[in-house]
Amino acid sequence: MENISIILSDLDGTLFHDDKSISDYSKAMIAEAQKKGVLFGICTSRAGINAIKYLDGLSPDILITNGGGIVTCREKIYSCEFSVEEIRTLIDATFKVFGPDAVLSVDNEFGLYSNSKEELPDKFWEYNDFSDFNAPCMKLCIESLDKEKIEKVVSSIGLDKIDYLPFSDIPWYKLSKKGATKEKAIEALCSHLKISPAQIAAFGDDFNDIGMLKLCGKGIAMKNAIPEVQKIADEVCKSNEADGVADWIKENIL
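Throughout what follows, the structure given in this document is the object of discussion. Within any chain, residue numbers begin from 1 and follow the written order of that chain's sequence. Since the coordinates come from a predicted model, pLDDT governs what is reported: local features require at least 70, and pairs of side-chain atoms require 80 or more to be given and counted, while whole-chain, interface and lining totals use all residues. To get the side-chain values, all heavy atoms of the structure are used, and hydrogens and water are removed first.

1. Looking at the overall build of the protein
Just so we agree on the cut-off: Starting at the N terminus, helices and strands are each numbered in turn, a helix being any DSSP run of H or I of at least four residues and a strand any DSSP run of E of at least two. Our radius of gyration looks at C-alpha atoms and nothing else; its globule reference is 2.2 Å times the residue count to the power 0.38. Whether a residue is buried, partly exposed or exposed follows from its accessible area with a 1.4 Å probe, protein chains only, as a fraction of its type maximum: under 20%, in between, or over 50%, in that order. Residue contacts are counted whenever heavy atoms from the two residues lie within 4.5 Å of one another. Surface accessibility in these figures is a Shrake-Rupley result with a 1.4 Å probe; residues are shielded only by whichever protein chains are displayed. None of His or the chain ends enter the tally, which takes Lys and Arg as positive and Asp and Glu as negative. Think of each charge as sitting on NZ of Lys, CZ of Arg, CG of Asp or CD of Glu.
Across its full length, the protein holds nine helices and 14 strands. A globule of 254 residues ought to have a C-alpha radius of gyration of about 18 Å, and the protein, at 18 Å, matches this closely. Among the 254 residues that make up the protein, the fraction classed as buried is 52%. At a minimum sequence separation of 6, the contacts of the protein that also span at least 24 residues come to 58%. Of the roughly 11,600 Å² that the protein leaves accessible, carbon and sulfur atoms contribute 49%. When the 29 positive and 42 negative side-chain charges of the protein are each reduced to one mean point, those points stand 3 Å apart.

2. Brief notes about the packing of helix 2 (residues 24–35) against helix 9 (residues 244–252)
Selection criterion: Comment: axis = line fitted to C-alpha atoms, over the contacting stretch for helices; angle = value between 0 and 180 degrees taken between N-to-C directions. Two helices that cross are described as forming a left-handed crossing if the nearer one is turned anticlockwise from the farther one by less than a right angle, and a right-handed crossing if clockwise. Three classes are used: nonpolar for Ala, Val, Leu, Ile, Met, Phe, Trp, Tyr, Cys and Pro, charged for Asp, Glu, Lys and Arg, and polar for all others, with Gly counted as polar.
Following both chains from N to C, one finds helix 2 and helix 9 inclined at 35°, their axes separated by 9 Å at the closest point. Of the two possible hands of crossing, helix 2 and helix 9 adopt the one that is left-handed. Contacts from Tyr25, Ser26, Met29, Ile30 and Ala33 in helix 2 reach Ala246, Asp247, Ile249 and Lys250 in helix 9. Here the contact of helix 2 with helix 9 is composed, by residue class, of six nonpolar, one polar and two charged.

3. Concerning the sheet that holds strand 8 (residues 126–127)
The test is simple: Note: two strands are recorded as paired if DSSP finds a minimum of 2 bridges between them.
Strand order in this open sheet of six strands is 8-7-6-9-11-10, and the pairing throughout is mixed. The sheet terminates laterally at strand 8 and strand 10 (162–166), the two strands that pair on one side only. The pairing of strand 6 (residues 104–108) with strand 9 (residues 139–142) spans four bridges and is antiparallel. Paired with Val106 across the strands is Leu140, a residue of strand 9.

4. A word on helix 5 (residues 147–154)
What counts here: Read the arc as the range of directions from the helix axis to the C-beta atoms. Here a polar contact means two N or O atoms within 3.5 Å. Within protein one must be a hydrogen donor candidate and the other an acceptor candidate, and residues neighboring in sequence count only if both atoms are side-chain atoms.
All of the buried residues in helix 5 are Ile150, Val153 and Val154. End-on, the buried residues of helix 5 take up no more than an arc of 100°, which puts them together on one face. Considering only its buried residues, helix 5 is in contact with helix 4 (84–98), strand 9, strand 10 and strand 11 (173–177). Regarding helix 5, its N-cap is Asp146, as a side-chain oxygen of that residue lies 3.2 Å from the backbone nitrogen of Glu148 further along.

5. Concerning the pattern of salt bridges
So the rule is basically this: We count a salt bridge whenever a side-chain nitrogen from Lys or Arg sits within 4 Å of a carboxyl oxygen from Asp or Glu.
In this structure the tally under the stated criterion is 14 salt bridges. The partner of Glu187 in a salt bridge is Lys184, and the shortest N-O contact between them spans 4.0 Å. Highlighted residues: Glu187 and Lys184, both in helix 6 (residues 182–193), separated by three residues, approximately one helical turn. Relative accessible area serves as the criterion here: at 39%, Glu187 is assigned to the partly exposed category. For Lys184, a relative accessible area of 42% gives the class partly exposed. Residues participating in the shared-partner salt-bridge network are Asp10, Lys182 and Asp209.

6. Here we look at the pairing of strand 2 (residues 39–43)
Residues in a regular strand project their side chains so that they alternate between the two faces of the sheet. Judged by how many residues are buried, strand 2 sits mostly within the fold: five of five residues are covered. Relative to strand 2, strand 1 (residues 6–9) runs parallel, the two sharing four bridges. Pairing of Ile6 across the sheet is with Leu39, part of strand 2. The pairing of strand 2 with strand 3 (residues 62–65) spans three bridges and is parallel. Residue pairing in the sheet places Cys43 in a bridge with Ile64 of strand 3.

7. Some details on the nonpolar core
Formally: Here, nonpolar core refers to any group of buried Ala, Val, Leu, Ile, Met, Phe, Trp, Tyr and Cys residues whose side-chain atoms link them within 4.5 Å.
Membership of the largest hydrophobic core comes to 50 residues, with the highest contact counts inside it found for Ile7 and Ile249. Those residues within four positions of Ile7 in sequence are excluded, and the remaining contacts are Ala33, Val38, Leu39, Phe40, Gly41, Ala201, Phe203, Ile249 and Ile253. If you look at the next biggest cluster of nonpolar residues, it comprises 20 residues, including Phe82, Leu104, Tyr113 and Leu175.

8. A short note on the sheet that holds strand 14 (residues 235–237)
Hydrogen bonds between backbone groups are what pair the strands of a sheet, and the pairing can be parallel or antiparallel. Reading across from one edge, 5-4-3-2-1-12-13-14 is the order of the eight strands in this open sheet, with mixed pairing throughout. The open sheet has two edge strands with one neighbour each: strand 5 (75–79) and strand 14. Sheet twist, expressed as the mean angle between neighbouring strand axes with direction ignored, is 20°. Where helix 9 meets the sheet, it contacts strand 1, strand 12 (200–204), strand 13 (218–222) and strand 14, and its direction lies at approximately 140° from that of strand 13.

Everything listed here is a matter of coordinates, which is why it stays silent on function.
See below:
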């Protein structure tokens, strides 16, 4: 393993505690690593606006958001999104396949929009019935685990043009454009910074972290990660509730 110059962490189930908080201990260890010249970044499926509001004083050097759709390192250096025409086709196909009561969400760099009428105390989306939605987006999420129906939606613009994965903790599928993956985003980051992925330590817990962990020099699964992630990881650290990311930083970087 080369010397680590970048630490990348997923948020939900990884850096976040289950209540979406980041412990003071984690923030302190990350800040100490940054003082030593190691860059810290988050790499999340969340839209940027929906990630930043939970960082609570943490100052990442790198933001990879929307599942890899946008990479920011002082400035935006990479984006991969569905065009207005593509997202409109997918939305229409979703209602055709799942019916008029289908629940879905889309997000871009400006926010997250959903037709869900669920009322939550920390509601993080803007309501939209999608009747006239017309903006480019990084991903489309559909409340369903019916892979056959999901593939019918995907085929509306081409099975070879979309990556689609289920979430492990909620009954939803995530559809993103080929290239809007965490590993593609990391490759763009490495090209921009002129470094090797071997210089990155990455932490994750879910299906969409597998490519990232396999690509980076050190791929670390959380103890609470799904079995598929733990199987491909170089090592397993403590759980998100036990500040596994911070402990690993303390033991291996500081």
